[in-house]
Amino acid sequence: MVELTLVKQNGQILTDSNTLNIIREYFSIANPAYRKNVPYIPSRLYCITPGGKFDIGLTGEIIKLLEENNYIFNISDEIRKQFSCGFENPTITSLAFEFRDYQEKSIIAAIKQGRGITVIPTAGGKTLICAGLIESTRATLNDPDALVLVTVPSIQLVEQTADDFISYGLKEVTKWSGKNKLDSSARIIVAGTQMLMSDKTDVSILSDVKLLLMDECHSLRRGNEINKLLKLVTTPHRFGFTGTMPTSKIDQWNIIGKLGPITFEQKTLTLRNQEYISNFKIIILNVQHNTRPKAVTSINPSAAYESELEFLIENTRRNEIICNLSDKLTNNTLIMVDRISHGEILEETIRKICDSTRPIYFIRGSTEIEDRENIRSFMNDRSDVIIIAISKIFSTGINIPNLHNIIFASAGKAKIKIMQSIGRALRLHPTKSMANIFDVADNTKYGRLHLIERKKLYNLEKYEYTEKKIS
């Protein structure tokens, strides 16, 4: 017999040691950092402790495993109440903006489970779903003043999300970030995760939170500091929103464990076919290099990659290809880079190539939030702007409907970054019938390997793409 019971905020599996070990092994992966001769690094990473403790949100996955393997098991009422804390007949509250069909369905699914994750592509209207979930959950709970915490990953998103909430008709909204002090009398807190994780921040208010929403919840990876923060929030009513779940099983289980099961998922192509987001095409520009990066003899496994990256960043021909392309494209263009040094080189090159009256900006971490917002607004009013941006800043959450072209100047292979970056161009705009995604690839060692991974992702998501060799 396998017993699932509640111990404080955690679930616990009570069974014989052999059965527990089988369950633990299923919810584990090989540790990529493991080395035979390096002490203190375990060979596997586990979601369930040796004593059988697990995060409540993982309950559904554990039940599924037990049922598939015909185990006899029992679940305590306390576990059931924590995991399935929803309502069969939720009250859906209207806002200033009307919900699309799938948005209303996602809100209903979330409230019925009471906790969980909504997977909606970028440009699918996650912020409106969040606002609808807040007001509808409060109405269903019959608690219109319930304290709500909404976490977002950047200061800019604090500003954007709070302003959107207010435009939708939500009241008593406060911003909490390095730029904004918390108004403790407000009932909806939009907070930056960095502010919450600061040692200088008093987070005692978190124990009073009745409803938690975590935007871009794919960042809730195993081992991240924000995991500790969630322990201070005791409510079972917690919801995550993302456009893409991580590929690693251990990270998926961690997110599900902390928040709950995936309650609703919508694909990018479905929204495109329903004309809720822009049509788009991916053009792979395969740059053929006659020379190669210098050979690296170092035993450091990352040295060869760094050498190749430096070669590409400083490659004059490659940079001119990117800059000439951005100059020839009509409408607004966003060039995504990973390194500041690359952005600086591209900015200098573009300014030499383009008409001097054309607006060109380079947005990096040091760019003030107010300046970023001004540029974003300016871009929605113009059709000839070129923005170079660090991908960590602009791949997530930035709302620019009047964006027609994106150039991946350093695409890499990270699934979430690629999917989120593509999403920047998918918002509808009256002037946009087709968004163009230019994937700049290279015939270097890692360039080839990373392109293979990106093409696997495009094929998996059923994104059409064309390839063109640049000799």
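Residues numbered from 1 in each chain as written. Predicted model: local features only at pLDDT ≥ 70, side-chain atom pairs only at ≥ 80, totals over all residues. Heavy atoms only, no water.

A few points about the sheet that holds strand S17 (residues 386-390)
Consideration 1: Judged by pairing direction, the sheet is parallel, and its seven strands sit side by side in the order S16-S17-S15-S18-S19-S14-S20 without closing on themselves. Whereas interior strands pair on both sides, the edge strands pair on one side only; in this sheet they are strand S16 (360-363) and strand S20 (465-470). Geometrically, the sheet is characterised by an average inter-axis angle of 20° between neighbouring strands, direction not taken into account.
Consideration 2: Where S16 meets S17, four bridges bridge the pair, whose relative direction is parallel. In the sheet register, Phe 362 faces S17, and the bridge partner there is Ile 388.
Consideration 3: Seen against the sheet, helix H12 (residues 316-328) touches strand S14 (280-287), strand S15 (333-337), S17, strand S18 (405-408), strand S19 (435-442) and S20 and runs at an angle of roughly 170° to S19.
Consideration 4: Packing against the sheet, helix H17 (residues 445-460) makes contact with S14, S18, S19 and S20, and its axis sits at approximately 150° to S19. (Pairing = 2+ DSSP bridges. Helix = DSSP H or I, 4+ residues; strand = E, 2+ residues; numbered from the N terminus. Axes fitted to C-alpha atoms, helices over the stretch in contact; angles between N-to-C directions. Contact = heavy atoms within 4.5 Å.)

Here's the deal with the packing of aromatic side chains
Consideration 1: Applying the stated criterion across every chain yields a total of nine aromatic pairs.
Consideration 2: The interplanar angle of 85° and the centroid separation of 4.9 Å between the aromatic rings of Tyr 26 and Phe 27 together place this pair among those described as edge-to-face.
Consideration 3: Assessed through its relative accessible area of 0%, Phe 27 is described here as buried.
Consideration 4: For the pair Tyr 305 and Tyr 446, a centre-to-centre distance of 5.3 Å together with 85° between the ring planes defines the contact as edge-to-face. One end of the pair, Tyr 305, is in helix H11 (residues 303-313); the other, Tyr 446, is in helix H17, and 141 residues separate them in sequence.
Consideration 5: Owing to a relative accessible area of 17%, Tyr 446 belongs among the buried residues under this scheme.
Consideration 6: Joined through ring pairs, the aromatic side chains of Tyr 26, Phe 27 and Trp 253 make up one cluster. (Phe/Tyr/Trp six-rings, centres within 6.5 Å; stacked < 30°, edge-to-face > 60°. Buried < 20%, exposed > 50% of the residue type's maximum accessible area, 1.4 Å probe, protein only.)

Quick look at the side chain of Thr 137
Consideration 1: In this structure, Thr 137 sits in helix H5 (residues 126-141).
Consideration 2: For Thr 137, a relative accessible area of 4% gives the class buried.
Consideration 3: Residues contacting Thr 137, with those up to four places away along its chain left out, are Ile 111 and Leu 211.

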